Amino acid sequence: MESILVLTHADESGFALTKASLEAVTAGKELATRLSAQLTIGIVAPDASVSAKAVANAGAKLLAVAGPAFAQPRFASDAAACEALCRAAQATIVLAPQSSRFARVMAAVAHRLGGVIDTHITALTAAESVEAARWFYRQRIEAVVTRSARPWFLLLDAGTHAPFAGDSAAAPVETVQVNLPALRTEVTGIRAPKQDQQTIRPDAKLLFVAGAGWTKKQPDGQVHTGEAAQLILDFLRASGASLGSSKSLVDQGGEGNSILPFLTHLNQVGQTGSTPRHAKGLSTCCHGEEPHVVGWRFIADRRAISLDPNCGWTRGKADVVYIADAFQVMAKLNELLQSKN
Ligand SMILES: Cc1cc2nc3c(=O)[nH]c(=O)nc-3n(C[C@H](O)[C@H](O)[C@H](O)COP(=O)(O)OP(=O)(O)OC[C@H]3O[C@@H](n4cnc5c(N)ncnc54)[C@H](O)[C@@H]3O)c2cc1C
């Protein structure tokens, strides 16, 4: 009989569980139902009684490691907390979000418990045995993994399950004591770009992709990079979309050409870039070549604006293609968005 533990952690406020943690709770609940297994939720938070409210109705036993030492992500305290929760739950299967906080410690926790770990899991099924799916080779090959070794740790990719949403209620939480090792690291503050400068927004509903066409000569024979930058930033501000890019556009910085200063290789979508998961995607001034479009694998509704009626998007890679000048379309779109706000 399997015993399933879902490890969760609080967000930066210290109170709410992260969205990815709540997604792991959904995955744990589904798996526990299929296996008729015991479900436990382990919480790492400064004040677990507050964080636990969101999962009070998940039908799980609640364990927590709490206290000021667990307010900040830090290898020594997080690894000790997760280890203590796993031992207390006597879990055979441990699910956790693939957040930077947990991804950093979970291989070590698995090692301390003599277990095994798989990462970037996108789906779980259970029939004869528990099966976990993940993608390899830049999302081109999907593998299904099953293991007999226990405990089996599975880190779940964000966006693959709906976040658990139950009525908030007070819940009985059993506190697990942790013997903390000497702590040498203290987070003294966070330096992050201002929200409107942060262009990669994994939780956004829309992915907006900029292609190299924004920096190419336009029908008047001139480049309009400044205007392109303004149109893109105005759209991101008004829509809250996440910004992706083609490789050709982000590579231009190394070739001495005029570039859009807010783009880095972290924005690159595709075979050698990222494979984001947003409900919708809008591609602009991008040709839609296969190495780029493979990064759109998990975008549900794909639209593109291109001047070229023979571009890759029109060849079955997008749901809707607007053969139009993206400068004009985005200016009109921004105008409409501004009049709405
Ligand atoms: C091994 C390998 C890995 C790769 N990995 C990636 C990857 O991870 N990601 C990636 O993106 N690419 C990748 N590439 C590169 C990829 O093949 C393409 O070269 C790249 O995606 C092209 O970028 P682009 O479409 O923005 O530029 P272009 O091909 O230059 O296309 C620009 C488009 O903009 C259009 N346009 C111009 N002006 C306007 C306007 N005013 N309005 C509307 N449309 C306009 C043009 O008609 C054209 O279609 C890889 C290539 C290789 C060989």
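Residues numbered from 1 in each chain as written. Predicted model: local features only at pLDDT ≥ 70, side-chain atom pairs only at ≥ 80, totals over all residues. Heavy atoms only, no water.

1. Observations concerning the sheet that holds strand β10 (residues 206-210)
Paired through backbone hydrogen bonds, the strands of a sheet run either parallel or antiparallel to each other.
Piece 1. Taken in spatial order, the five strands make up an open sheet running β11-β10-β12-β13-β14, and their pairing is parallel. Two strands bound the open sheet, and with one partner strand each, they are β11 (242-245) and β14 (320-323). In this sheet, neighbouring strand axes are inclined to one another by 20 degrees on average, regardless of whether the strands run parallel or antiparallel.
Piece 2. Bridge count for β10 against β11 is four bridges, and the pairing is parallel. (Pairing = 2+ DSSP bridges. Helix = DSSP H or I, 4+ residues; strand = E, 2+ residues; numbered from the N terminus. Axes fitted to C-alpha atoms, helices over the stretch in contact; angles between N-to-C directions.)

2. A closer look at the sheet that holds strand β3 (residues 61-66)
Piece 1. Reading across from one edge, β7-β6-β5-β8-β4-β1-β2-β3-β9 is the order of the nine strands in this open sheet, with mixed pairing throughout. The sheet terminates laterally at β7 (141-145) and β9 (174-175), the two strands that pair on one side only.
Piece 2. By the bridge criterion, seven bridges tie strand β1 (residues 3-9) to strand β2 (residues 38-45) in an arrangement that is parallel. Counted as the bridge partner of His9 is Val44 from β2.
Piece 3. Together, β1, β2, β4 (93-97), β5 (116-126), β6 (130-136) and β8 (152-156) form the strand contacts of helix α1 (residues 19-35), whose direction differs from that of β1 by roughly 170 degrees. (Contact = heavy atoms within 4.5 Å.)

3. Some details on the pattern of salt bridges
Pairing between side chains of opposite charge can happen when their charged atoms approach one another.
Piece 1. What the rule picks out here adds up to twelve salt bridges.
Piece 2. Where Glu2 meets Arg150, a salt bridge forms, and the shortest distance between an N and an O atom there is 2.7 Å. Separated by 148 residues along the polypeptide, Glu2 in the segment before β1 and Arg150 in the loop between β7 and β8 bring together distant segments of the chain.
Piece 3. By relative accessible area, Glu2 is classed as buried at 18%.
Piece 4. Two residues, Arg303 and Asp301, come together in a salt bridge whose shortest N-O distance is 3.5 Å.
Piece 5. A network of salt bridges, in which partner residues are shared, links Lys19, Glu23 and Asp203. (Salt bridge = Lys/Arg side-chain N within 4 Å of Asp/Glu carboxyl O. Buried < 20%, exposed > 50% of the residue type's maximum accessible area, 1.4 Å probe, protein only.)

4. Re a nonpolar patch on the surface
Piece 1. A contiguous nonpolar patch, built from Phe136, Tyr137 and Ile141 and spanning about 320 Å² of accessible area, is present on the exposed surface.
Piece 2. By the secondary structure assignment, Phe136 is in strand β6. (Patch = residues over 30% accessible without salt bridge, like charges linked within 9 Å, V, L, I, M, F, W, Y side chains within 5 Å. Areas by Shrake-Rupley, 256 points an atom, 1.4 Å probe, with all protein chains shown as cover.)

5. Some details on unusual backbone geometry
Piece 1. A cis amide bond, omega 0 degrees, links Arg150 with the succeeding residue Pro151.
Piece 2. Located in the positive-phi region is Ser36, a residue other than glycine, with phi close to 50 degrees.
Piece 3. Of note, Ser36 is situated in the loop between α1 and β2.
Piece 4. Here Ser36 falls in the exposed class, since its relative accessible area comes to 53%.
Piece 5. You will see that His120, though not glycine, has its phi angle at about 55 degrees, which is positive.
Piece 6. Along the chain, the position of His120 falls in strand β5.

6. A short note on the site of the ligand
Piece 1. Of all residues adjacent to the ligand, which total 28 residues, the nearest are Ala212, Lys216, Ser246, Thr272 and His287.
Piece 2. A distance of 2.7 Å separates an oxygen atom of the ligand from a polar atom in the backbone of Ala212.
Piece 3. In the environment of the ligand, an oxygen atom lies 2.5 Å from a nitrogen or oxygen atom belonging to the side chain of Ser246.
Piece 4. Protein coverage of the free-state accessible area of the ligand, which is 990 Å², stands at 78%.
Piece 5. Counting residues per element, the ones that place at least two in the shell around the ligand are α6 (247-251), α7 (290-293), β13 (301-306) and α8 (326-340). (Near = heavy atom within 4 Å. Polar contact = N/O pair within 3.5 Å; in protein donor to acceptor, adjacent residues only side chain to side chain.)

7. Some points on the pairing of β3
Piece 1. Here six bridges tie β2 to β3, and the two strands are oriented parallel to one another. Directly across from Ala45, in β3, lies its bridge partner Ala66.
Piece 2. Looking at chain direction, β3 and β9 are connected through two bridges and run parallel. In the sheet register, Leu63 faces β9, and the bridge partner there is Glu174.

8. Here's the deal with the environment of Val116
Piece 1. Along the chain, Val116 turns up in strand β5.
Piece 2. The class for Val116 is partly exposed, based on a relative accessible area of 22%.
Piece 3. Here the alpha-carbon distance between Val116 and Ala48, two residues 68 residues apart in the chain, equals 28 Å.

9. What to know about the packing of helix α3 (residues 75-89) against helix α4 (residues 100-112)
Piece 1. Where α3 meets α4, the closest approach of the two axes is 9 Å, and the angle between their N-to-C directions is 55 degrees. With respect to their mutual orientation, α3 and α4 come out oblique. Considering how the two elements wind past one another, α3 and α4 form a crossing that is right-handed. Packed against α3, whose contacting residues are Phe75, Asp78, Ala79, Ala80, Cys82, Glu83, Cys86 and Arg87, the element α4 presents Arg101, Phe102, Arg104, Val105, Met106, Ala108, Val109 and Arg112 at the interface.
Piece 2. Split into classes, the residues belonging to the contact of α3 with α4 amount to ten nonpolar, no polar and six charged. (Parallel < 35°, antiparallel > 145°, perpendicular 65-115°, else oblique. Left-handed = near helix turned anticlockwise from the far one by under 90°. Nonpolar A, V, L, I, M, F, W, Y, C, P; charged D, E, K, R; others polar.)

10. Structural notes on the packing of aromatic side chains
Piece 1. In total, this model carries four aromatic pairs according to the counting rule given.
Piece 2. Ring geometry for Trp135 and Phe298: centres 5.5 Å apart, planes at 75 degrees, overall edge-to-face. Here Trp135 is found in strand β6, whereas its partner Phe298 is found in the loop between α7 and β13, with 163 residues between them in sequence.
Piece 3. For Trp135, a relative accessible area of 16% corresponds to the buried category.
Piece 4. Considering the side-chain rings of Phe208 and Phe235, the 5.0 Å spacing of their centres and the 45 degrees angle between planes classify their relative orientation as tilted. One end of the pair, Phe208, is in strand β10; the other, Phe235, is in helix α5 (residues 225-239), with 27 residues separating them in the sequence. (Phe/Tyr/Trp six-rings, centres within 6.5 Å; stacked < 30°, edge-to-face > 60°.)

This is a description of form; function is not addressed.
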